[in-house]
Amino acid sequence: MKLNTTTLLLASSLLFGSCTDELLNTIPPSSLTDINYYNDANDMEKAVLGIYAKMQSRKPNDYQLLELCSDNLYGSTNTGFAGIPEIDALAISPTNPILTTFWQESYAGIFRANAVISNIDKPKDYTVSKKNQHLGEAKFMRALFYFDLVRTFGAVPKVLTALSIDEARQYKRSATEAIYDQIIQDLNDAIEKLPLKSALSRNRASKEAALALLGKVYVAKKDWTNAETVLRQFFTSYGDNYTLVADYNQLWSLENENNSEVLFSIGYTDGTNGQDLSTAFVPNGGIYNLVSRGSEVALPSWSLHKKIQTDDKRLRKTIESNYFSAVSGGQNAIYFPYASKFIVKHTALAAGLDLPILRLADIILLYAEALNENGKLGDAITQLNKIRQRAFGNQNHNYSIDQLTQKDQFVTALLDERQIELAFECERWYDLVRKGKMTAVMKVEERNYNPSSQIAQKVTLSPKDYMHLFPIPQTEIDLVGKTILEQNPGY
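No experiment lies behind these values; they were computed from the predicted model shown.

Structural notes on the overall build of the protein
Along its length, the protein carries 18 helices and eight strands. Burial status across the protein gives 59% buried among its 491 residues. For the protein, contacts bridging at least 24 residues in sequence account for 70% of all contacts bridging at least 6. When the accessible surface of the protein is split by element, carbon and sulfur atoms take 49% of a total near 19500 Å².

Take a look at the structure:
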């Protein structure tokens, strides 16, 4: 049965994955009920890990919605993924299956978090510190799922408890501000209750991650005063615990995936429960001695590629341009660079590389953005240059106050830096929307570049202001009626 929001509202107590070895194995949902679950600390530990498992299953596919709609990626001509062509063309419909899956997976995670929070007092055999950790993790993850939903859809149903059938059928969207208020409340609770990362096993939410995410939420709200305050608090309190990895390439290696820059990541294991980004971005024929074959779902745009300077150390670990060409019937070779960031050697179709949700470079750039918006241009440039210096290995490409004399000039430089630094990490679309640049940037996307002719394929799109929010999935509206779950304007 396809899960939808109302179905999940009524079955939240059944939707738990019991995870061991970094969230790898799941208990059949039909075997779990409120009566036979949450009885002891072990049950609650498994239930908390089940929340992470929903992000683990959703995260590798987020690029299909959040990167293909931006100027970072475009769909390959051979992709068979339903829904990708219309996302790629900025013509997303309410029936798009990728959109629907994003909504449903996010709410499934929320319902798991709600059940943990509702049952947190039931077990009597765990310590106060462990109880606080579980509660903090559930609230952090609930905030994270809602943050993704509110940025993508705007007003959404705010569900904090299990609902009866009748209640679920009457549950309307809550205002965007109400969703943000709940996110902020959850994160403040998480900050209070979560341990430091040093006291936790990997891939668990920590106090530092919750504080960093709260700063990111304030940036999304354009609450620049609170954004600067919270992010400064993060760097003052925990800045010594995290450092930029000197070699950008090492951020994306299996040997260094749990590095000094990661605040929070989702874990995967090759051969057991991996993620398929190392296959999705690989050309059909694979990569010699690395990946046997690829699915070539999406390719990096020339719009992104041309922004990365040749001496930028991020280039080869973002876009590999010296790979393959296809020759047919005597025609000239076809140039196909591929997105290389997440590609690691793996034994099956899915790789064991962890995927970061929050990393230090993102937080530094958000701090720079808040400082600039608050009129502290010099301080903002200092933060921006931390990323530039790592990228080039020297200070030769650092910005000066003479180069970026105006707030708007800084915004342009910042957006370019975030696009390059965070390419394919599902930040670009939200950045363009937040800074009011989406409709201007997305009018023309340059895609396939031929180095011989020095001509790129220019695709004209038709972005509209209403597209800063995606449509509510039609399956959810059909279940309860359009008077209960209203569609976003324009769709």
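Next comes the rest of the write-up.
Notes on the layout of surface pockets
Space inside the largest pocket adds up to approximately 330 Å³. Lining the largest pocket we find 20 residues, and of these Val150, Arg151, Tyr180, Ala220 and Val433 sit closest to its centre. Listing elements by their share of the lining of the largest pocket, those giving two or more residues are α6 (128-153), α8 (176-193), α9 (207-221) and α16 (428-434). The class makeup of the residues in the lining of the largest pocket is nine nonpolar, three polar and eight charged.

Notes on helix α15 (residues 407-421)
In an α-helix, one full turn covers 3.6 residues, which means residues spaced three or four apart are oriented alike. Look at α15: 21 Å from first C-alpha to last across 15 residues, which is about the 21 Å you get at 1.5 Å a residue. All buried positions along α15 are accounted for by Phe410, Val411, Ala413, Leu414, Leu415, Glu417, Arg418, Gln419, Ile420 and Glu421. Against the buried residues of α15 lie α12 (302-305), β6 (355-359), α13 (360-373), α14 (377-392) and α16.

Concerning empty space enclosed by the protein
Within this structure, the stated rule accounts for five cavities of 30 Å³ or more. In terms of lining residues, the largest cavity is bounded by 19 residues, among which Lys59, Lys216, Ile357, Glu425 and Glu427 are the most central. Only α3 (62-66), α6, α9 and β6 provide two or more residues apiece to the lining of the largest cavity. Within the lining of the largest cavity, the residues separate by chemical class into nine nonpolar, no polar and ten charged.

Some words on the state of the cysteines
Evaluated as defined, the whole model comprises zero disulfides. Cys69 carries a free sulfur, and the closest cysteine sulfur to it, the one in Cys426, is 8.9 Å from it. With a relative accessible area of 8%, Cys426 lands in the buried category.

Remarks on the pairing of strand β2 (residues 262-266)
Within β2, five of the five residues are buried, which leaves the element mostly enclosed by the surrounding structure. Where β2 meets β6, four bridges bridge the pair, whose relative direction is antiparallel. Within β6, the residue paired with Ile266 across the bridge is Leu355.

Description of unusual backbone geometry
Peptide bonds are mostly trans, and most non-glycine residues show a negative phi. Non-glycine residue Asn203 carries a positive phi angle of around 70°. The backbone of Glu296 sits at a positive phi, close to 50°, despite the residue not being glycine. When you line up the elements, Glu296 lands in the loop between α11 (277-280) and β3 (298-300).

Remarks on the packing of aromatic side chains
The final tally for this structure, using the stated rule, is 20 aromatic pairs. Relative to Tyr242, the ring of Phe234 lies with its centre 6.1 Å away and its plane at 35°, an arrangement referred to as tilted. The pair Phe234 / Tyr242 is uniform in exposure class, with both members buried. Residues Tyr248 and Trp252 carry aromatic rings whose centres are separated by 6.2 Å and whose planes lie at 65° to one another, so their mutual orientation is edge-to-face. Judged by relative accessible area, Tyr248 falls into the buried class, the value being 1%.

Description of the environment of Leu149
As for its position among the elements, Leu149 is in helix α6. It is 10.0 Å that separates the C-alpha atoms of Leu149 and Phe470, two residues lying 321 residues apart in sequence. Setting aside residues up to four positions removed in sequence, Leu149 forms contacts with Trp103, Ser106, Tyr107, Ile110, Gly154 and Val156.

Regarding the nonpolar core
The biggest cluster of nonpolar side chains holds 141 residues, and the ones touching the most others in it are Phe140, Ile183, Phe264 and Phe281. Counting residues per element, this core draws most heavily on α6, which supplies twelve residues. Here this core spans two domains, and each of domain 1 (41-194 + 469-480) and domain 2 (276-353) adds at least three residues to it. With near-sequence residues (within four places) excluded, Phe140 lies in contact with Leu187, Ala190, Leu194, Ala205, Ala209, Ala210, Leu213, Phe264 and Leu358.

Focus: the confidence of the model for the protein
For the protein, mean pLDDT is 89; residues scoring 70 or higher make up 89% of the total. Predicted confidence is poor over residues 1-32, with pLDDT under 50, and the contacts of this stretch with residues over four places away or in other chains come to 82 contacts.

What to know about the packing of helix α2 (residues 41-58) against helix α5 (residues 97-118)
Between α2 and α5, the shortest axis-to-axis distance is 9 Å and the interhelical angle comes to 165°. Relative to α5, α2 is oriented roughly antiparallel. Seen along the crossing, α2 lies across α5 with a hand that is left-handed. Residues Met44, Ala47, Val48, Gly50, Ile51, Ala53, Lys54, Ser57 and Arg58 of α2 touch α5, and the partners they reach there are Phe102, Glu105, Ser106, Ala108, Gly109, Arg112, Ala113 and Val116. Residue composition of the contact of α2 with α5, by class: nine nonpolar, four polar and four charged.

Some remarks on the pattern of salt bridges
Following the criterion strictly, the structure yields 40 salt bridges and no others. A salt bridge links Asp148 to Arg151; the shortest N-O distance between them is 2.9 Å. A residue pair is termed a helical-turn pair when its members lie 3 or 4 positions apart in one helix, as Asp148 and Arg151 do in helix α6 at three residues. Both residues of the pair, Asp148 and Arg151, count as buried. Salt-bridge contacts for Glu427 lead to Arg418; the nearest nitrogen and oxygen are separated by 3.7 Å. For Arg418, a relative accessible area of 2% puts it in the buried group. What you see here is one network of salt bridges that share partners, running through Glu261, Asp312, Arg314, Lys341, Arg359, Arg388, Arg390, Glu417, Glu421 and Glu425.

Rules behind the numbers
Residues numbered from 1 in each chain as written. Predicted model: local features only at pLDDT ≥ 70, side-chain atom pairs only at ≥ 80, totals over all residues. Heavy atoms only, no water. Helix = DSSP H or I, 4+ residues; strand = E, 2+ residues; numbered from the N terminus. Buried < 20%, exposed > 50% of the residue type's maximum accessible area, 1.4 Å probe, protein only. Contact = heavy atoms within 4.5 Å. Areas by Shrake-Rupley, 256 points an atom, 1.4 Å probe, with all protein chains shown as cover. 1 Å grid on protein atoms, 1.4 Å probe; cavity = no way out; pocket = protein on both sides within 12 Å on 5 of 7 lines; lining within 4 Å. Points joined across faces, edges and corners; volume = space filled by probe spheres on them. Nonpolar A, V, L, I, M, F, W, Y, C, P; charged D, E, K, R; others polar. Expected span 1.5 Å × (residues − 1). Disulfide = S-S within 2.5 Å. Pairing = 2+ DSSP bridges. Phe/Tyr/Trp six-rings, centres within 6.5 Å; stacked < 30°, edge-to-face > 60°. Core = buried A, V, L, I, M, F, W, Y, C linked by side-chain atoms within 4.5 Å. Domains from an automatic or database assignment. pLDDT = per-residue confidence, 0-100. Axes fitted to C-alpha atoms, helices over the stretch in contact; angles between N-to-C directions. Parallel < 35°, antiparallel > 145°, perpendicular 65-115°, else oblique. Left-handed = near helix turned anticlockwise from the far one by under 90°. Salt bridge = Lys/Arg side-chain N within 4 Å of Asp/Glu carboxyl O.

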